[in-house]
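Next come the chains, spelled out residue by residue.
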Amino acid sequence: MRRLPILERLYVDLRIAQPGSFAAYGLTAVLVAVATAGRLAIDPWISGSQFIFFFPAVMLTTFLCGVRAGSLAVVLSTVSAFYFILPPQFTFQVTGVPEVTALAIFSMVAAVDVLIVGLLRSALVRLTRLEGLNDAIFDSNPDAIVVTDMQGLITKLNRRTEIMLGYSSQALLGQPVELLIPEAMRARHIVHRTAFAAAPKMREMGAGLELLGQRANGEIFPVNVQIAPILNHTEGRMIASIRDITEQSSAAAALAESRQRQAVLEERQRWAEELQQANQTLSTIIESAPVGIWAIDETGRATIWNPHVAELYGIPADAVIGRPLGEVIKEKLPPDTRSTDELVQIARRQGGFHDIEVQRFAADGSLRELTISAVPLHDGGETLTGLL
């Protein structure tokens, strides 16, 4: 049940430019045209770097509109660079091997970018859809569902829990799950819960025993509880499905319904494992991306620091993650270039930016020409949770 807020909010769903639509291809043409105009605009001041604007156009097109639009962007960018940028300009005449080689290298690298960004987008789409389906099933379930950490503190509950027990979600979040059972049974429940946390597995809670719940008004009532672990690479959660069996007519009906709920929990566990796999795939893509990617949370602490950024600054990820970025990066800057801290402030004020060119001294002392873009990360609403 653990969410990855930085990763899952990278996905942008453009309703009017869905993959394969005419709008998507139209947006592709617009982005390539903008890249061409941008490169022509700086042509008097910059020699070389013919494709500096086309790489971002290809990657952004793929991320927003899919692989087919990204592939079209590679073709259009190659043609545009050939005609407008490479000498002699405004002609398709080939003057030498270097120009042909440059176009071929650009096409191959851009195609790799399309593949990587396409995989990233695919993983994000899958992650977003699984998360939405998971939340919809969780909240519409006819049983009360309570999620706790391994210490028994409630971390999530559905609407049915509030109705059945008479508590608001605000009153229960962060409280021990023993609040939901009669006081006389709480000490014994803590012992059983601790044993379950030590060896978690899906099972019916209190098989063969009478289980009781307690509402906010003190009313005690019989319940049937199914409990299962949700494990991932950093922490564990326990999920309990609770049904009020006050009006249950027979033991046979109770057994059938218990099995049905267990099947639902097994399916939910499968979805949780698929969601975890999608998260791991996304993390792998970011780690293997051919461009530098880093992100910070709302407090300025680093949450993503991939190998390309680590190589540039000469600082490994384990020395950066969780620390304020300003304390870790001590930049020696060339004249007239913005620092990382200044770029972060610009992104916070403007809600992100695209293709700002800066210079940086790499860890080996060489001067690098970089193109930097930043996007804000939100919590699903208007609250800023970080920058990528």
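Preceding this paragraph is the structure being described.
Rules behind the numbers
Starting afresh in each chain, residues are numbered from 1 along the sequence in its written order. In view of the model being predicted, local features appear only for residues whose pLDDT reaches at least 70, and side-chain atom pairs are presented and counted only at 80 or more, with totals across whole chains, interfaces and linings using the full set of residues. Excluded from the side-chain calculations are hydrogens and water; all other atoms, namely the structure's heavy atoms, are used. Among buried residues, those of type Ala, Val, Leu, Ile, Met, Phe, Trp, Tyr and Cys that are joined through side-chain atoms within 4.5 Å constitute a nonpolar core. Each residue's exposure class comes from its accessible area (1.4 Å probe, protein chains only) as a fraction of the maximum for that residue type: buried when under 20%, exposed when over 50%, partly exposed otherwise. Counting from the N terminus, the helices are the DSSP runs of H or I reaching at least four residues and the strands are the DSSP runs of E reaching at least two. The contact criterion used is simple: two residues touch if any of their non-hydrogen atoms lie within 4.5 Å. Multiplying one less than the number of residues by 1.5 Å gives the expected span of a helix. Comment: arc refers to directions from the helix axis out to C-beta atoms. Here a pair means two rings of Phe, Tyr or Trp (six-membered ring of Trp) with centres within 6.5 Å. Their orientation is stacked below 30 degrees between planes, edge-to-face above 60, and tilted elsewhere. A ring is considered to have a charge above it if a Lys NZ or an Arg CZ atom is located within 6 Å of its centre and within 35 degrees of its normal.

Visitor: Hey, could you run me through the nonpolar core in this one?
Guide: Nonpolar side chains tend toward joint burial in soluble globular proteins. Counting residues in each nonpolar core, the largest one holds 17 residues, and the members touching the most others are Phe-51, Phe-54 and Val-58. Elements represented by at least two residues in this core include exactly α2 (22-42), α3 (54-65), α4 (67-85) and α5 (97-140). Among residues more than four places away in sequence, those in contact with Phe-54 are Val-32, Ala-35, Thr-36, Ser-77, Ser-80, Ala-81, Ile-85 and Phe-106. Membership of the second largest hydrophobic core comes to 16 residues, among which are Val-177, Phe-221, Val-225 and Ala-240.

Visitor: Looking at this structure, I do not really get helix α8 (residues 186-198). What am I missing?
Guide: Helical geometry: 3.6 residues make up each α-helical turn, so side chains three or four residues apart lie on a common side. Helix length check: α8 (13 residues) gives 18 Å between terminal C-alpha atoms against 18 Å at 1.5 Å per residue, within 8%. If you check which residues of α8 are buried, you get His-189, Arg-193 and Phe-196. For α8, the buried positions fall inside an angular range of 60° around the axis, keeping them on one side. In this structure, α8 carries Ala-187, Val-191 and Ala-198 as exposed residues pointing more than 90 degrees from its buried face.

Visitor: I'm lost on the packing of aromatic side chains in this one. Help?
Guide: Two descriptors summarise a pair of aromatic rings, namely the distance from one centre to the other and the angle between the planes of the rings. Under the defined criterion, the tally for this structure stands at 8 aromatic pairs. An angle of 80° between the planes, with centres 6.3 Å apart, marks the rings of Tyr-83 and Phe-90 as edge-to-face. On the accessibility criterion, Phe-90 (48% relative accessible area) is partly exposed. Through pairs of rings, three or more aromatic residues link up here, namely Phe-82, Tyr-83, Phe-84, Phe-90 and Phe-92. Its end group placed over the ring of Phe-221, Arg-215 keeps NZ or CZ at 3.8 Å from the ring centre.

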